[in-house]
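Now for the letters of each chain:
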Amino acid sequence: MNQPLYAIPGSTVPAAASAEATPPARTVGEVLAQSQVESVLDELDRELVGLAPVKQRIRDIAALLVIDKLRLNLCLQAQTPSLHMSFTGNPGTGKTTVAMRMAQILHRLGYVRKGHLVAVTRDDLVGQYIGHTAPKTKEVLKKAMGGVLFIDEAYYLYRPENERDYGQEAIEILLQVMENQRDDLVVILAGYKDRMDTFFKSNPGMSSRIAHHLDFPDYSEGELQQIAGKMLAQMNYRFGDGAEAVFAQYLQRRLTQPHFANARSVRNALDRARLRQASRLFADRDRELTEADLTTLAPADILASRLFAADPAA
């Protein structure tokens, strides 16, 4: 009756280990065949452009978990390894997408029961008055159990300049769960690298519970161009003659502007180009529109951006 809201009822044995019909795997190939983890890794490669160091680190973690499964099958290990992670990098570098794939990998290998991702920020965890934070944090943890809890801009949980801030209460609850129930919940903390470094220095208890640190680099101009092509294809659009070159010019200019958010900024730019294309086609009311008309972005749709206006320095 006094069990906390975030406790896990029942056995803590990984789900895959409880299967009776399939004999325990004895080779890496058998674990991969049973879990189908390779398909998730392949999908991650197809889904994300670049990020070679991140993809390799995810493969390394997957390899560790596969070997750990084989050790478990031979009774060589009794305790679940710590899998809490830190993802650092600028906005739009794929942190949430990688977290989703990580949740799938953990589920397929039996390290979490459900494999879902719950993404939150400070506002979802911290209350505005005394007695409000604990219920909010525990409710989020309850939803995340059996999967991955992704806390974006996690450093905002800690505000030492405000002695009446309730973020520390949320941190203390998280620390307890991360230590005591790591066999059914993986926590991923994300944010800008410099701020996350400061956060960990100020919260050594949190830092000591993070087993894997992944740094997400910014995309190069060429990679951003590839991302744009992938996004357009997913939306059944394409660049018309000359439009791809114009978009490359757009990227060169946008990269020098403040608040650039990598793939997120590319998506926003394409959305605005689609808006201009729609206005252009809307104005031509009497012409029957072909499939090519409806799916093609013209150079003018991109050149209408304010970045191509007269040089502000002139």
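Note that the structure is predicted; figures quoted are calculated from it, not measured.

Caption draft 1: The arrangement of the sheet that holds strand S1 (residues 85–89) in detail. Sheet architecture is open: 5 strands sit in the order S2-S3-S4-S1-S5, paired in parallel fashion. If you trace the sheet from one side to the other, it starts and ends with strand S2 (117–120) and strand S5 (212–216), each paired once. With direction set aside, neighbouring strand axes in the sheet form an average angle of 20°. Sheet topology places strand S3 (residues 148–152) next to strand S4 (residues 186–191); 5 bridges connect them, and they run parallel. Paired with Ile151 across the strands is Leu189, a residue of S4. Contacts from helix H4 (residues 95–108) reach S1, S2, S3, S4 and S5, with the element oriented near 160° to S1. Running at roughly 125° to S4, helix H8 (residues 193–202) makes contact with S1, S4 and S5 of the sheet.

Caption draft 2: The packing of helix H10 (residues 221–234) against helix H12 (residues 263–283), seen in detail. H12 packs onto H10 with a crossing angle of 50° between their chain directions and a minimal axis gap of 10 Å. In this view, H10 runs oblique relative to H12, as classed from their interaxial angle. Between H10 and H12 the crossing geometry is right-handed. Contacts between H10 and H12 involve Leu224, Ile227, Ala228, Met231, Leu232 and Gln234 from the first element and Ala263, Val266, Arg267 and Leu270 from the second. For the contact of H10 with H12, the per-class residue count stands at 8 nonpolar, 1 polar and 1 charged.

Definitions and cut-offs
Residues numbered from 1 in each chain as written. Predicted model: local features only at pLDDT ≥ 70, side-chain atom pairs only at ≥ 80, totals over all residues. Heavy atoms only, no water. Pairing = 2+ DSSP bridges. Helix = DSSP H or I, 4+ residues; strand = E, 2+ residues; numbered from the N terminus. Axes fitted to C-alpha atoms, helices over the stretch in contact; angles between N-to-C directions. Contact = heavy atoms within 4.5 Å. Parallel < 35°, antiparallel > 145°, perpendicular 65-115°, else oblique. Left-handed = near helix turned anticlockwise from the far one by under 90°. Nonpolar A, V, L, I, M, F, W, Y, C, P; charged D, E, K, R; others polar.

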